[in-house]
Amino acid sequence: MAALLVKKCASPLFLKTLSAPQLRMPCGYHEKVVDHYENPRNVGSLDKKAKNVGTGLVGAPACGDVMKLQIEVDESGKIVDAKFKTFGCGSAIASSSLATEWVKGKSINEALTIKNTDIAKELSLPPVKLHCSMLAEDAIKAALADYRLKQEGGQGEKIAVSRN
């Protein structure tokens, strides 16, 4: 039975719940996904009411993944901080974590050039998990759109995107 479970392993979380050393084996996730899942970077929240903070909230109803990604932009238009909170699988968490690392230090226009294909390639996501990198790209774009709305004098609010 245990061998069958290991073969069907679908989540890095499964690795954490097994204690027998012989069962601790890779389950098809690249080591970068496991690293970002077990040691996520930039988890948390920024002040969504701050004028220099953009918030993006995206989700995929088909799988239940939801990502909130926030950026903080300085006076020169450079992203100085990024935070995320994600409810989803290991690939969704890893994609969010990587996205926050990549946007830090970039200008708004540079951050817009981050593509889901780049995220998927960096994490070596399998085809069945590509929607996670697409959500991360959507979250970046939604956070940037919210930031721009605030700069134009709008109230700004979370931009929600649903990916089917």
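Residue numbers restart at each chain and count upward from 1, following the sequence in its written direction. Reporting in this predicted model follows two pLDDT cut-offs: at least 70 for local features of residues, and 80 or more for side-chain atom pairs to be given and counted; totals over whole chains, interfaces and linings ignore these cut-offs and use all residues. Hydrogens and water are ignored here; the side-chain numbers use all heavy atoms of the structure.

The name an unreviewed UniProt entry gives the chain is NIF system FeS cluster assembly NifU N-terminal domain-containing protein, with Culter alburnus as the organism. UniProt positions are given in the numbering used here, feature names are shortened, and annotations may be inferred rather than shown by experiment. Under Sequence similarities (unreviewed entry), UniProt gives the following word-for-word description of the chain: "Belongs to the NifU family."

Engineer: Kindly report on the side chain of D81, identifying the contributing residues and their values.
Structural biologist: Counting from the N terminus, the helices are DSSP H or I runs at least four residues long and the strands are E runs at least two residues long. Note on placement: D81 falls in strand β3 (residues 79–87). The contact criterion used is simple: two residues touch if any of their non-hydrogen atoms lie within 4.5 Å. Once residues lying within four places of it in the same chain are set aside, the contact partners of D81 are L46, Q70, I71, E72 and K104.

Engineer: Help me get a handle on the environment of G105, residues and values and all.
Structural biologist: Here G105 lies in the loop between α4 (90–103) and α5 (108–111). Excluding anything up to four places from it in sequence, G105 contacts K78, I79 and E110.

Engineer: Any chance you could break down the pattern of salt bridges for me, citing the residues and the numbers?
Structural biologist: Between Lys or Arg on one side and Asp or Glu on the other, a salt bridge is scored when a side-chain nitrogen of the former is within 4 Å of a carboxyl oxygen of the latter. Enumeration over the complete set of coordinates arrives at five salt bridges. Across the pair R41 and D35 runs a salt bridge, and its minimum N-O distance is 2.6 Å. Only protein chains enter the accessibility calculation, which uses a 1.4 Å probe. A residue is then buried if its area is under 20% of the maximum for its type, exposed if over 50%, and partly exposed in between. Residue class for R41 comes out partly exposed when judged on its relative accessible area of 23%. Residue E137 pairs with K141 through a salt bridge whose shortest N-O separation is 2.7 Å. Placement of both E137 and K141 in helix α7 (residues 130–151) is noted, with a separation of four residues, approximately one turn of the helix. With relative accessibility at 7%, the residue E137 sits in the buried group. Here the salt bridges share partners, and the residues they tie into one network are D35, R41 and E101.

Engineer: Break down the side chain of S133 for me, citing the residues and quoting the values.
Structural biologist: Along the chain, S133 turns up in helix α7. Think of a polar contact as two N or O atoms within 3.5 Å of one another; within protein, one of them needs to be a possible hydrogen donor and the other a possible acceptor, and neighboring residues in sequence only count if both atoms come from side chains. Here N116 takes part through its backbone oxygen, which lies 3.3 Å from a polar atom of the side chain of S133. Discounting chain neighbours no more than four positions away, the residues touching S133 are S95, N116, I119, A120 and L125.

Engineer: Explain the packing of helix α3 (residues 31–38) against α4 to me, and be specific about the residues and the numbers.
Structural biologist: To obtain an axis, a line is fitted to C-alpha atoms, over the contacting stretch when the element is a helix, and the angle between two such axes runs from 0 to 180 degrees between their N-to-C directions. Contact geometry of α3 with α4 gives a least axis separation of 8 Å together with a crossing angle of 80°. Judged by the inter-axis angle, α3 sits roughly perpendicular to α4. Contacts from V33, H36 and Y37 in α3 reach G90, S91, I93, A94, S97, L98 and E101 in α4. Each angle gets one of four labels, with under 35 degrees taken as roughly parallel, over 145 as roughly antiparallel, 65 to 115 as roughly perpendicular, and the rest as oblique.

Engineer: Go over the nonpolar core with me, naming the residues and quoting the values.
Structural biologist: Membership of the largest hydrophobic core comes to 33 residues, with the highest contact counts inside it found for I71 and V103. Among the secondary structure elements, those contributing two or more residues to this core are α3, β1 (53–60), β2 (65–73), β3, α4, α5, α6 (116–123) and α7. When residues in this core are grouped by element, the largest group, nine residues, is from α7. Definition used in this section: a nonpolar core is a set of buried Ala, Val, Leu, Ile, Met, Phe, Trp, Tyr and Cys residues joined via side-chain atoms within 4.5 Å.

Engineer: Outline the confidence of the model for the chain, supporting the account with residue identities and numerical values.
Structural biologist: A residue's pLDDT is simply how confident the predictor is in it, with values from 0 to 100. When pLDDT is averaged along the chain, the result is 83, and 77% of the positions lie at 70 or above. Here residues 1–25 is a poorly scored stretch, pLDDT under 50, and it has 23 contacts once near neighbours within four places are set aside; other chains count.

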